[in-house]
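Residue-level structure breakdown
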Amino acid sequence: MILKISPKDASSDEQCLALKLLCECFNDACSLVKYACNGGLMELFTKYPYYKPAWIFIVKDGGEVASMLYILNRLIRLNGEIIKVGGVAGVCTSSKYRGKGYATKLLEYAVDELKGDYDALALFTTYGSIAYSIYRKIGFRDIYLREYGILPAIDLREINNKEWSISSASESDADALLRIYNSETYDLDGVLVRDSDYVRDQVIEATWLRLTRGINVNTLKLTNGTDTVAYALITGTDDGVVNVEEIASINCESALTLLNHIIKVNGAKSLRIYAKPNELKCLNAQVFKVPNTYMMMNLGGIDYGEIKRPYIYRVDQW
């Protein structure tokens, strides 16, 4: 039996069961189980509405939740327009029920149910995986294969501008960071349309990263007098490599200034940088593909032939 459930109508028991199933498939969901099983998941989504599902689809077998997925409401820029996308997330089948085609049936059912409500559906998956083949069969198409850059400290071009200052961003910086993000993304396809609340919650406070991945997060800003000219979200050092989850700047010089600071303060050997292609090029970083693909299915609002500059920031992945 396939069910389409509105989150507001889901009982605490249903929320708990859904999160436990997601925990079986995805480690980053395990820390959220306590919220669901204590009846507090909807309260969490009230505080952080960007990750509140619009719809939950489940397959029940013998009274148990055998397979599930949920849909997030997203607005993205594509072909010079803003379109409404249903973000497909949490596609998961219990190990007990795998091999019965439940995930395929659930996806097909969800696609039929959501036509007319969204311009397109979108998701992330591992390129070439079993799940990937299912998505292709149903009608999803590759839009973007994620890239990142590696920049050894020894290769980092130094910029010394004593008039610029660097500090941790605070909630009051949300508007300034949003302006930089918008200036970086106006000509890209697939990027999320953000607002100040989103920047405050997901970039500056990085609440979801903290909750689901249990990592230390710091968002730095570079200012030139009263103007913020660059920012970077970093998530700690791994074997001498600092992970820069997101960086955006008004020009290459400001990005280099911020990255030099990050190298120096962390005593890092190199940087792993997630940034748009032009920024990685100006930094002279070595670029690597990640076997992680951003896929879309047209429900009437996109033209695959016109997608020329596909990109989506790592923080915006769902």
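Everything in this summary refers to the structure shown in the same document.

Parameters and conventions
Residues numbered from 1 in each chain as written. Predicted model: local features only at pLDDT ≥ 70, side-chain atom pairs only at ≥ 80, totals over all residues. Heavy atoms only, no water. Helix = DSSP H or I, 4+ residues; strand = E, 2+ residues; numbered from the N terminus. Rg over C-alpha atoms; globule rule 2.2 N^0.38 Å. Buried < 20%, exposed > 50% of the residue type's maximum accessible area, 1.4 Å probe, protein only. Salt bridge = Lys/Arg side-chain N within 4 Å of Asp/Glu carboxyl O. Right-handed = clockwise from strand over helix to strand, strands pointing away. Pairing = 2+ DSSP bridges. Disulfide = S-S within 2.5 Å. Contact = heavy atoms within 4.5 Å. Polar contact = N/O pair within 3.5 Å; in protein donor to acceptor, adjacent residues only side chain to side chain.

1. Let's talk about the overall build of the chain
When you go through the chain residue by residue, the secondary structure sums to ten helices and twelve strands. Taken over the C-alpha trace, the chain has a radius of gyration of 20 Å; the compact-globule value for 318 residues is 20 Å, and the two agree within 12%. Its C-alpha atoms give the chain principal-axis dimensions of roughly 65 × 45 × 35 Å. Residue burial in the chain is summarised as follows: out of 318 residues, 53% are buried.

2. Observations concerning the pattern of salt bridges
By the definition in use, this model includes twelve salt bridges. Where Asp 197 meets Arg 200, a salt bridge forms, and the shortest distance between an N and an O atom there is 2.5 Å. Here Arg 200 and Asp 197 lie together in helix α7 (residues 196-204), a separation of three residues that amounts to about one turn. Looking at Arg 200, the relative accessible area reads 21%, which means it is partly exposed. What you see here is one network of salt bridges that share partners, running through Arg 194, Glu 246 and Asp 316.

3. Here we look at the pairing of strand β5 (residues 120-126)
Summarising burial for β5: six of the seven residues are buried, a large majority. Between the parallel pair strand β4 (residues 81-93) and β5, the chain is carried across by helix α4 (residues 102-114), and the sense of this crossover is right-handed. Bridge analysis of β5 against strand β12 (residues 286-298) gives seven bridges, and the strand direction is antiparallel. By the bridge assignment for β12, Ala 122 is matched with Met 296.

4. Thoughts on the state of the cysteines
Here is the idea: a disulfide is a covalent bond, and it sits between the sulfur atoms of two cysteines. One pass over the full model with this rule turns up four disulfides. The residue that forms a disulfide with Cys 25 is Cys 92, at a sulfur-sulfur distance of 1.9 Å. Since a negative S-S torsion denotes a left-handed disulfide, the Cys 25-Cys 92 link at about 70 degrees is right-handed. Highlighted residues: Cys 25 in helix α1 (residues 12-25) and Cys 92 in strand β4, separated in sequence by 67 residues.

5. Some points on the side chain of Asp 173
Examined against the element boundaries, Asp 173 turns out to sit in the loop between β7 (164-168) and α6 (174-185). The exposure class of Asp 173 is buried, given its relative accessible area of 9%. When residues no more than four places from it in sequence are discounted, the contact partners of Asp 173 are Ser 168, Ile 204 and Lys 221.

6. Brief notes about α7
The element α7 is largely enclosed, with a buried count of seven among its nine residues. Among the residues making up α7, those that are buried are Ser 196, Tyr 198, Val 199, Asp 201, Gln 202, Val 203 and Ile 204. For α7, the secondary structure elements touched by its buried residues are α3 (41-47), α6, α8 (207-213), β8 (218-224), β9 (227-238) and β10 (241-249). At the N-terminal end of α7, a side-chain oxygen is found 3.2 Å from the backbone nitrogen of Asp 197, two or three residues along, and the residue is Asp 195. Ala 206 sits one or two residues past α7 and shows a positive phi near 45 degrees.

7. Quick look at the environment of Asp 197
Its relative accessible area of 42% is what places Asp 197 among the partly exposed residues. In the structure, Asp 197 is positioned 147 residues away from Tyr 50 in sequence and 9.5 Å away in space, judged by C-alpha atoms. A distance of 2.5 Å separates polar atoms of two side chains, one belonging to Asp 197 and the other to Arg 200.

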